[in-house]
Structures are given as C-alpha cells and as structure tokens.
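One letter stands for each residue in the lines below.
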Amino acid sequence: MAEQPVRQSALGAARATQGPHAAACLRALPAASRFSFRGSPPEAETAGVAFGVPFSLQSCRAHQTEDRAALWLGPDEWLLLAPEDAARAVQAALIRALGERPYALIGIAHRNTALEISGPRATMVLNAGCPLDLHTSRFPVGMCTRTILGKAEIILWRTASEVFHIDVWRTFAPYVWDFLIEARARL
Amino acid sequence: MTGPFRTEIGGRIDRTRRIDFRFDGRLYSGHPGDNLASALLSHGVHLLGRSFKYHRPRGVLGAGSEEPNALVRVGSYESRATPNLRATQVEIHDLLVAESQNRYPSLSFDVGAINDVLSPLFPAGFYYKTFMWPAWGWRRLYEPIIRRMAGLGRAPTAPDADIYAQRYVHCDVLVVGAGPAGLAAARAAAQGGARVLLCDEQSEFGGSLLSEPDTTEAGRNRLAWRAATLATLAASDNVTLLTRSTAFGVFADNFVALVERVTDHLANPEPALPRERLWQVRARQVVLATGAIERPMVFAGNDRPGVMLAGAARTYLHRYGVRTGRRIVLATSADSAYGVAMDLHRAGLTIAAIADVRNEASGPLAAAARAAGLPLRTSTHIAATHGRLRIRGATLARNGTGAREKVACDLLLMSGGYTPTVHLYSQARGTLRFDESLGAFLPGGDTGILQVAGACRGIFATDVAIADGAEAGTVAAARTDPGGAPQPVRTISVPDSGALLAREAPCDRRAFVDFQNDVTTKDLRLAVREGFVSVEHVKRYTTAGMATDQGKTSNINALALVANERRMDMAAVGLTTFRMPYTPVTFGTLAGAARGNLFDPIRQTPIHAWAEDRGAVFEDVGMWKRARYFPAARETMAQAVARECRAVRTGAGLFDASTLGKIEVVGPDAAIFLERMYVNNFRKLAVGRARYGLMLGEDGFVLDDGVIGRLAPDRFHVTTTTGGAPRVLAMMEDYLQTEWPDLRVWLTSTTEEWAVVSIQGPRARDIIAPFVIGIDLAPQAFPHMAVAEGTILGVNLRIFRVSFTGECGFEINVPADYGSDVWHAIMQQGTVFGLTPYGTEAMHVLRAEKGYIIVGQESDGTATPDDLGLGWAIGRGKSDFVGKRSLARAAMRDPSRKQLVGLLTSNGETVLQEGAQIVTAANGNASIGHVTSAYFSTTLGRSMALAMISGGKARMGEKLLAPMLDRTHEVTVAPAMFYDPKGERLYG
C-alpha cells in the first residue's frame, strides 16, 4: 500500500527559498487552513466569536490574533486563516455555533497559497503590477483587498508597515512569485 | 577635438570631458550634456537625413521632441537598434553609434533623390490616382517599390534584447513639464503639502530657462532661480522628480502614462536596469506646463539643411554652446525672433537680414534690434532659398512689389510665433479656443482636476509664467485638501503675444508645411480644390500631421492654409484630434515584463510535473497546460492516442481532470438556485447523487455543461467546462445579485481546491477500491452518477462515478496539494492492470465515439439543447429556468435547424477536417452544415465525425458530400453514437 500523501506547495521548493534582499524579501508562507465564510453580518458576528477573531464589518479590513485572521473581502464574504492543524476545530466550532442559520463555509486551504513580501521597497515592487495606492495613508496596516498583480488576481493584506501578505490561487502563485522577483530586479 | 562651431564659454556642457561617437561611420566628438544634434552642429554638420517622399536633404529644424527632420537610427546591434529617434533627443555617450535613414548609397548622394525631380508626379493622394493598371500591379509591383522608396527607418529584425519595466504611481499633483511654470507649480504644490510628481522629457529640468539669456525681463537670474527651486524640490520628501520622462498620454480621471528613458543615455548601464520604464500615474490633480513649440514659416525651399527654427538656434547657443551658423537671415512674423537675433548678434554671429512679413515691427525687442543696427526689413518675405546640401543664400522679396534681393547666408532662421503644446490637454478632453492675437489654439480653461500653466496657455514671458505656475500649483494642492482654508484662485490672464499667424503662403511644391511627411502648400491647395472640406479629411488625404511627429510643427500652418483657401475663420476650420502618444513609445515599454514566461500566468495542475517527466506533449487550454498525449519511445501522436484509447476500452486509463471548473454552491436555497440556472431538475436530486447539468443563456442557447453532485441538502459540487469556469461563476453571481438577491445561497470557486484524477475503464474499480475508505464502490451501492465523500490514502476525498468515455469511471477529487501523491499511488497500483495515463486527445476521441458533446466544439453559441440531442436533460414541469422562454419561440423548434448527427465516410480511412462544410449532391453550392469533430477511432477501426446538419435527425442514412481541399468525400448520416449505444459498459 502506498504511503500517506504529503502536501506539495504550488510554489515548489525552487521558489520558496530566497535570501535576504535590501529592497524587499520574498518568502512562501507555511501551509495553513483557509475557509471562505459567506453570510450576513449577524451570522458573521456569531462566527467571529466561534472563530476567536471578530469579523470586521468595516470594508477592506482584517482582524487577527496571534495565529488566526479574518479578512473582509466583501459585504458577505470573509477569508479565514488559521494554522494548518486547526482546520477541523475551526469547522466544528463554526458549525456548532451557527446551527441551522444560513451561511456557507467552504474549505479552500489548497485553492490558495500565500507568500509574504517585506522590506523598505515592498510597495514599489508590488506597484510594478498592482495599481492601488499603497501609501500608508491610503493602505494602512490591517487593510486587505482583492486586487490584481500583473495578470493575476491576488488578495493583498498589509500586516505591518513594510510587510504584505499575498493570498493567491495556487496555479497563479508561480507567476506572482516570478513577477515580483522580476519587478524587484528592475527598481 | 572640440567642434569648430563651439563657443568659447557658456552652455550646460561639461567641456572638461570629451565624448567620441559615430554618425554614419564617422567619428565625432562632443561633451557630456550634448545631444546628437548639438554635437554634430558643433562640427558644422547640418545634413542629418533625407525626407520621407522626395528624399530631399534635410537638416536639424528644432532642438527638442518636435524635430521632424533629423531622425536617426541608434544602436550598433540589431537587437538593440532603434529607428526614427530624433537626434535632438539622443544624448551622446562614448559607445553611441548612430546612422541616418532613408538614403542609398549615402546621405550626401542618395539615388532616391530622383523623386524630388519627379515630384510633380507625386502630388497628394497620387497613389489613389495612378498605378491603377494592370490590376495585379499594385500589390506586386507598385506598393513594394513605393514602400521601399518612401519611408523612415527600418524596423530591427532581431528580438529586442532590452528589458522594460512598468510601475503604478499615485500622487496628489502631477506636474508635466519642468520649465519655469512647471518648476514653480511643483514647488508651490509641494509647499501646500501635496505628494508631487514632476516629470520632464528632457535630460535636465529647466525647459526654456536653459535656452534663454541669463536674466529675465524682470531681472531675475534664470539659472539661479532654477537651481534654488530644484534644491527646494529635491529636499522635499513628498516630491518625486523624473527627468527623461515623457508624459505621452492622458486618460480618464487623470490617469497619465509616462515613459522614463532609464539607460539610453548611458554608455555602460547597470545590466539589471530596464531600458525604459512605463509610469502609470493616477494623479488627483494635474498641472500641464508643457510649453510651446515654434512654428516654421512657409516659403519655397524652407526645408534646406541650415533652415532652422529661431528658438532652436538660441537653444543651441545658450544650452549647448553651439553656433549654428556664421551668417544669418531671419524670416519672421513674430516679435520673439528679434530677441533671438539680438542673442546671436551678441554671440558674434552676423545678422545678414531680418525679413519680417508684417508691415510693421513694433515692440521692445524689435526696437532693440533696430537700435543695434540689425538690417531689419518689414513687409518682406523669403521668395526662394539656394544651396543643395546646405543653404547658401536666400532671395528676399518685398510684399506686393516684386522687388527682390539675394542675400548670402549659411543659416536661415524662421519664427512664425509659438503654438502652445496642448496635446495632453486635448487628450484630457479639455476644450480649445482659437486666440487671434496668438494665432493659436489655447486651452479653454481648467477642468477641475487638470490645469494648464505657462507657455502652454499662451503665457510666454518667463516671470509671468513662473507666477502662473505657482498659482496653478497652489490651487492644485488646495484642491487635494478640501478641508483646508478657502480655495485659492488663478488670477493671471493671457496677454497678447505680438505674433501674426501667416495665412498666406505661396503655392509651391517646395514650400513645405509638414516636413516629416513631405506635404507642401501645393498638396494642401490641391486637397481643398478637390473638394475636401473637413480638416480631418484634408489631413488624411494629404497626410499632413500624420507622421511620427504628429504635426507638432505643421498642424497650425496647415490649418491656416486651409482656412485661407476656404475663406473661413481658424476657429470654424477647427483642429484635428490629438491622440496619444505625444512622442513615439516603444512596444517594449508597453509590454513591460509581459514577455516569455511572464507573458501570461501559466496554469499547471498538481500532476503537471509527473506528466512532464513522463514526456507528455502539452496543449494550451486558456492559461492551462493540459497533457495532450503521452508518447512512448518513437511513437507518433496517432499511435500514442490509439494506444491510450485501447487501454481505456480494455483495461483502464488515468486522466488528469484537475482543470475542470468547480463551484461549490451552498445555502438553504442552493437547490432552488441551481434549478433556475440549469435546465435540469435539481430539487429532487437525492443527496449522494449527481446529474448532468446543462446551462443556457437568456437566449436559450447552450452556454456550458457539467456534472452537479449533491453532497448535502444545502451543498452542491458543481463542475463546469475548463474554459467556462470564470464565465459560469460570473453569470451565476450576476443572476444571484441582480435577479434573486433574496436567495440564501453562496457561490465559491473551488476549481483549484481539488486535484481531479479520473480513472476510466473496465478495471477502474479494481484499481482504486483498495484505496478508498468509507465508500462501497460496488455497482449496486455506488452506481453511475453517484457521489460520496470519504478518504483516500488518509486524505479527504470526493468521488464521483461519472464517465466521459462510455466506460465505468470515477473522478477522484483530493485536496490539490495531495494530488501528485495520490496520482502516483494509483498509477503504481494500476500497473498490473495495464493502467495507462491518457491525454486530452484520447479523451476527445473516446467521448466522440459516444457522441458526448464538448461545449464550444459541437455548439457555437447558436445551438439549443434539442439541436445537440440533449432535450432529455430539460426538467419536465419546471416553471422556469434561464433560457426557458426563448426555447418556446417558433424558430427554436424549426425542424430544419442544424442538429447533431454522426457522419461516416465511405472510405473508413478518411478523416474529415473539422470545420468542413457539408452539401447535398443535389445542391453542391449551399452548405447545410459543418463537421464539428472528426477523428480516427481505433475502437471502431475507422474514422468517424460529428456534425451539425440542417434537419439532421431526419436524414439518417442519407448520403451527403463533404468537399475538402483534396477532393469531395461521400459521407453517410448516422446517429451521433458510434459505440455501445445501449450503455452496457457505462453501467457495468
């Protein structure tokens, strides 16, 4: 009988390791649990309590604790991030809390993969392909949104003044990675 | 050696360093700060090119981006060569290699110059009137010859070796142009607290400040003011300064495109640096301080080398320390020429004559020239010029009297007044008004988000332009901070300029209006005489203003001629449309990083690496790479596909179906929603069962299909076609949000969440059964169209019993990161059963044997379910679904509609071409349908085809004809189901 399958990240080993860089560092983030939560604000409020992170009702804002985060992506849509081994616990807690109330909880741990770009010129690297104003006055820490990077759709979340979390569909991840490396070389 | 025409002191060149460069193979020298034109002029070289149509010798006309004549090719390698660059904008460096264009064998002796002698034969639109016979002549003879004779530079043949980059930028205030007005605007805006971006197309900031004498009318030291202003800007951290950056396009809502030339001026640039960078700027406020361009005078022979714009000569003198000649004739209709004359006079050049077409020359500048004893003649125009490769003299004539005088000169300067550079303003949809005193179109006003300052709105005096720019900058900054103090306003108005727009010009085939496209006054008159009324038509017929310079020096002169000819006001004649780009932009800049691997995202399934190792041949399906077939050693595609098909029919095949679109539809109203979106009945679908779903557009035509499984009462796993996934999700969201916002259901794309391993064939069950935990796969327990959740090898599993081959099959969905390992494990297990990986080509053949359609191949957006033989899928008694109403229209039930049938060729070896038209023997001219799919089937031992044929269902057994390139083939209509029509294998 075959061995237990192992997770193989969409970015692959070649892209997951990058040395330090003065302008902007790039790294693949570890595998995580991810859910798309869909529902109305009352359900979101209950879900936030069960998840342990209140869901932001303000648009384009993320709330987070040490190891969990809830990102507002739309008026009825939040992206939930938690450690890889917390998937069952998160699912169970939300199902228990919400009972028969209307909502949708979809596991998307493998659909998306995440990487992080950090450094003094991270915004300039991102702006090679992202048309948003990333000045801290317009895109403060804690802000998150769906946007584009070149020809790929991404979720961009500023976790610190010089640190961005990028969530992207797995097949677009190599493109996003290579695009950022190329952009960084051309500053 | 410093060029003999270099001044002893002055200019912004670094005389301590020498730069050697090549032009047309000859070595020349210049200094840092020079451009190609100024460096060549310092050696007395004026002849820089040959004209487009008549191959006339041409020299440098201007000193900036408006230059129409001095176009050169730069770059010694084909992969880095750029044609059609303006010598006035090419900065020299030690490895610069440039050459002139459109000449053979050499610039000074060009055989193409025969065209100049023959020019009476080539008036405007000559190619519409001549070269008509013989009929084949145009394409094979005349056009190739004309294309070779006429033209500019030659496009490089090698792939571009350079790198290009792009960047989005946001700012509060974008200031375009860093002359006096632009610098003042940027400083004022920055002081107002705004995030400022200042760009200028030149190598250093300053604009006209660099070209004019030391002090302004008000006694301000130009360069000192420039230095102080720049120092303030450089010290502000809210200011970004961009030299060598041209704003070439203005789009909606102050979206402005700039191209920054990063390395062209460097001999040895850092290899990682891009050659050019596209800046895509979103500015809350824009201030255009784009300056003005001098107008040439129109007279016979106004294009000889040595005929130049007056302001350009002044720029070469003050900025580059170059005397453009020794003995000068000035032709003017504007006061500004007198300022230039005085400058050149002071620099020791001889002013041989000043010919002013106006009846009187008043104003302080003219008075100063008179006082200095310069030979000024009013009511005088240039009747002719003399010389061949360089001007030797000009004939001056008194207006109206015919009195003539020949004056020797080596430089003829023209000044027809200045035209404000309103290109960008006009692109921003600003309205223009004609100003009589300036003889130019001026910006009508401020658009609320975009203002104009300085010469660009007719304010030419440096001190006033500075004040005007500062006001614009202050207003712009205040507008970005609406909470601030009362909004400041602009107070400066546009003064008269003291220029006359010369509307009368001789009708002469040597009096050039558009230098780059060789359009003369004679051409324009001809166009008007032939009845062209609109300036847009005149422009297209004569090509005036259509060259790469877009008529920067010619448009107003051309309009004035048309207005004069038609006895109309300039305002009534109007202006042709300004389009981006302001100056030509390389394709590389527009492409940016989108080349090679970054051209598009390349979407690969989790099983891609395995398939690659296995030697798969891939095909592109949208952005996806899909394995088309897996050739074994020395196998052809046909052999590989035949082997793969045989394996599925006799043992088992493994197929990577991960690219299938997947949507998870969840919520209490999920079944109702799907029932409305698809033609099928879903409310009665039991949990654990799946159904083929057919989606129509509002028009009743098939849009997509897939299998939909019910995992729970409120949870469905919907699959779509590979290419249709985004479209289907978008359409579902559209209906949900706009038509049925009351439904409590949510849609999530899960295409990439699941890797899908499809195992098909009589041994499929035997291979996977040992792996699957928690699900009984026996035929009774898990029949065709069943779905269940369990685990496989310890990971989550969603398994569908479905088939796109006609064999018993399973689609194994596992979380994508595990896809590769699960595929490996199944392959390993299946070896003893002859498990064979197969690709999309075998998949196509297998499904065609069963008559299963592919949306977009059998259907073309005009097929109803019934046309495709899928009428059975429509749920009986459903009150509504998208497209239902359209299906009820009479035309949708017309029995002569194209319907899906099978076709069998008389010769079983013949494979029809997909797309081949089908005709009847009775009428061989009218197509009654076309082939949608055609393959050779190993299973059948013969070819087969699917086709959409008019009234096809009623034609079973009928013989039809398929005309193809080689010959016409006879075909017999058959049911669109060639294999196992009863489906015994499917349900086994």
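Residues numbered from 1 in each chain as written. Chains lettered and ligands numbered in written order. Predicted model: local features only at pLDDT ≥ 70, side-chain atom pairs only at ≥ 80, totals over all residues. Heavy atoms only, no water.

## Describing the overall build of chain B
Counted only if it meets this: Under the DSSP-based scheme used, a helix requires at least four consecutive residues in state H or I and a strand at least two consecutive residues in state E, with every element numbered from the N terminus. When accessible area is computed with a 1.4 Å probe and restricted to protein chains, residues below 20% of their type maximum are described as buried, those above 50% as exposed, and intermediate ones as partly exposed. The contact criterion used is simple: two residues touch if any of their non-hydrogen atoms lie within 4.5 Å. Charge assignment in this entry is limited to Lys and Arg as positive and Asp and Glu as negative, and neither His nor the chain termini are counted. To locate a charge, take NZ of a lysine, CZ of an arginine, CG of an aspartate or CD of a glutamate.
Within chain B one finds 25 helices and 48 strands. Overall, chain B is about 115 × 75 × 55 Å in size when its C-alpha atoms are taken along their principal axes. In chain B, which comprises 988 residues, the proportion classed as buried is 60%. Of the contacts made within chain B by residues no fewer than 6 positions apart, 66% connect residues no fewer than 24 positions apart. The centroid of the 108 positive side-chain charges in chain B is displaced by 5 Å from the centroid of its 99 negative side-chain charges.

## What to know about helix H11 (residues 462-479) of chain B
Rules: Take the number of residues in a helix, subtract one, and multiply by 1.5 Å to get its expected span.
Along its 18 residues, H11 of chain B runs 26 Å from first to last C-alpha, staying within 8% of the 26 Å computed at 1.5 Å per residue. Within H11 of chain B, 13 of the 18 residues are buried, which leaves it mostly tucked inside the rest of the structure.

## Regarding empty space enclosed by the protein
All names here are of chain B. Defined as follows: Here a cavity denotes grid points, spaced 1 Å and computed from the protein atoms alone, that fit a 1.4 Å probe unable to get out, and a pocket denotes an open set having protein on both sides within 12 Å along at least 5 of 7 lines; residues with an atom within 4 Å of a point are the lining. Grid points are joined across faces, edges and corners, and a volume is the space filled by probe spheres set on the points. Residues are grouped as follows: Ala, Val, Leu, Ile, Met, Phe, Trp, Tyr, Cys and Pro are nonpolar; Asp, Glu, Lys and Arg are charged; all remaining types, including Gly, are polar.
All told, the structure shown has 9 cavities of 30 Å³ or more when counted by the stated rule. Computed from the structure, the largest cavity encloses a volume of approximately 130 Å³. Looking at the lining of the largest cavity, the element that brings in the most residues is helix H14 (residues 555-565), giving 3 residues. Class assignment for the residues of the lining of the largest cavity results in 7 nonpolar, 7 polar and 2 charged.

## Focus: the packing of aromatic side chains
Worth spelling out the cut-off: Working definition: a ring pair exists when centres of Phe, Tyr or Trp rings (six-membered ring for Trp) sit within 6.5 Å. Plane angles under 30 degrees give stacked, over 60 give edge-to-face, the rest tilted. Two conditions define a charge located above a ring, namely a distance within 6 Å from the ring centre to NZ of Lys or CZ of Arg, and an angle within 35 degrees of the ring normal.
Within the structure shown, the criterion is met by 24 aromatic pairs over all chains. Ring centres of Phe55 of chain A and Trp78 of chain A lie 5.6 Å apart, and the angle between their planes is 35 degrees; this geometry places the pair in the tilted category. You can see Phe55 of chain A sitting in the loop between helix H2 (41-51) and strand E3 (62-64) and its partner Trp78 of chain A sitting in strand E5 (residues 77-83), a full 23 residues away along the chain. Take Phe55 of chain A and Trp78 of chain A: they sit in the same class, and that class is buried. Summarising the aromatic geometry, the rings of Phe21 of chain B and Tyr28 of chain B are spaced 6.0 Å apart at their centres and angled 25 degrees between planes, so their arrangement reads as stacked. Exposure class is identical for Phe21 of chain B and Tyr28 of chain B. Each is buried. Site record: aromatic cluster; members linked through ring pairs are Phe37, Phe51, Phe55, Trp78 and Tyr103 of chain A. Taking NZ or CZ as reference, Lys151 of chain A lies 4.2 Å from the ring centre of Phe599 of chain B, over its face. Over the face of the ring belonging to Phe512 of chain B we find Arg58 of chain B, whose NZ or CZ atom lies 4.7 Å from the ring centre.

## Digging into the side chain of Asn112 of chain A
The cut-off we apply is this: Think of a polar contact as two N or O atoms within 3.5 Å of one another; within protein, one of them needs to be a possible hydrogen donor and the other a possible acceptor, and neighboring residues in sequence only count if both atoms come from side chains.
Within the secondary structure, Asn112 of chain A sits in strand E7 (residues 112-118). Side-chain polar atoms of Asn112 of chain A contact the side chain of Asp167 of chain A, separated by 2.9 Å.

## Examining the sheet that holds strand E6 (residues 82-86) of chain B
All names here are of chain B. Rules: What makes two strands pair is DSSP finding at least two bridges between them. All axes here are fitted lines through C-alpha atoms, helices being fitted over the stretch that makes contact, and every angle between N-to-C directions spans 0 to 180 degrees.
Judged by pairing direction, the sheet is mixed, and its 5 strands sit side by side in the order E2-E1-E7-E5-E6 without closing on themselves. Every other strand in the sheet has two partners, leaving strand E2 (26-30) and E6 as the edge strands with one partner each. Here the strands of the sheet are splayed against their neighbours by 40 degrees on average, with no regard to which way each runs. Pairing between strand E5 (residues 71-74) and E6: 3 bridges, direction antiparallel. Across the sheet, the residue bridging to Val72 is Leu85, located in E6.

## Focus: the interface of chain A and chain B
Spelled out, the test is: The quantity reported as buried area is the accessible area (1.4 Å probe) lost by two parts once they are put together, taken as the sum for both. Any Lys or Arg side-chain nitrogen located within 4 Å of an Asp or Glu carboxyl oxygen qualifies as a salt bridge.
Residue-level contacts link 47 residues of chain A with 53 residues of chain B. Both sides of the chain A and chain B interface together cover about 4,200 Å² of buried area, and 56% of this is carbon and sulfur. Among the residues of chain A in contact with chain B, Pro5, Thr171 and Arg186 of chain A are the three that bury the most area, contributing 15% of the side total. Our count for the contact surface shared by chain A and chain B stands at 4 salt bridges. A salt bridge links Arg195 of chain B to Asp133 of chain A; the shortest N-O distance between them is 2.6 Å. Inspection of the region where chain A meets chain B yields 25 residue pairs in polar contact (both at pLDDT 80 or more). Contributions of two or more residues to the side of chain A that touches chain B are made by strand E2 (32-38), strand E6 (104-107) and helix H5 (173-185) of chain A.

## Looking at the confidence of the model for chain B
What counts, and what does not: Every residue carries a pLDDT, the predictor's confidence in it, which falls somewhere between 0 and 100.
In this model, chain B carries a mean pLDDT of 94, and residues with pLDDT of at least 70 account for 100%. Model confidence for the complex is summarised by a pTM of 0.94, with the ipTM given as 0.97.

## Considering the environment of Phe599 of chain B
Counting through the fold element by element, Phe599 of chain B comes out in the loop between helix H16 (587-591) and helix H17 (608-613). Classification of Phe599 of chain B by relative accessible area gives partly exposed; the value is 48%. Once the C-alpha coordinates of Phe599 of chain B and Pro134 of chain B are considered, the two residues, 465 residues apart in sequence, prove to be 45 Å apart. In this structure, Phe599 of chain B is in contact with Lys151 of chain A together with Ala594 of chain B, ignoring residues within four places of it in sequence.

## Considering the domain arrangement of chain A
Residues and elements named next belong to chain A. Under the convention used in this document: Domain start and stop points were drawn from an automatic or database domain assignment.
Domain boundaries in chain A define domain 1 (12-31 + 111-187) and domain 2 (32-108). The interface is formed by 16 residues belonging to domain 1 together with 15 residues belonging to domain 2. The interface formed by domain 1 and domain 2 contains 2 salt bridges. Arg34 is paired through a salt bridge with Asp167; the nearest N and O atoms lie 2.8 Å apart. Residues belonging to the side of domain 1 that touches domain 2 are distributed by class as follows: 8 nonpolar, 5 polar and 3 charged.

## Here we look at the sheet that holds strand E20 (residues 391-398) of chain B
Residue and element names in this part refer to chain B. Strand order in the open sheet formed by 3 strands is E19-E20-E21, with antiparallel pairing between adjacent strands. On the outer flanks of this sheet lie strand E19 (380-387) and strand E21 (404-408), each paired with one strand and no other. Strand-to-strand, the axes of this sheet are offset by a mean angle of 25 degrees, without reference to chain direction. The pairing of E20 with E21 spans 5 bridges and is antiparallel. Within E21, the position partnered with Gly393 by the bridge is Ala408.

## Considerations on the pairing of strand E8 (residues 164-176) of chain B
All names here are of chain B. Burial within E8 is extensive, with 11 of its 13 residues counted as buried. Bridge count between E8 and strand E13 (residues 276-288): 12 bridges; the pairing is parallel. Bridging across to E13, Leu174 finds its partner in Val286. Direction of pairing for E8 relative to strand E9 (residues 196-199): parallel, over a ladder of 4 bridges. Looking at the pairing, Val175 lines up with Leu198 of E9.

## Points about the environment of Arg404 of chain B
Residue and element names in this part refer to chain B. With respect to the helices, strands and loops of the structure, Arg404 is situated in strand E21. As a C-alpha pair, Arg404 and Glu504 span 100 residues in sequence and 19 Å in three-dimensional space. With sequence-adjacent residues up to four places away left out, Arg404 is seen in contact with Ala383, Thr395, Leu396 and Ala397.

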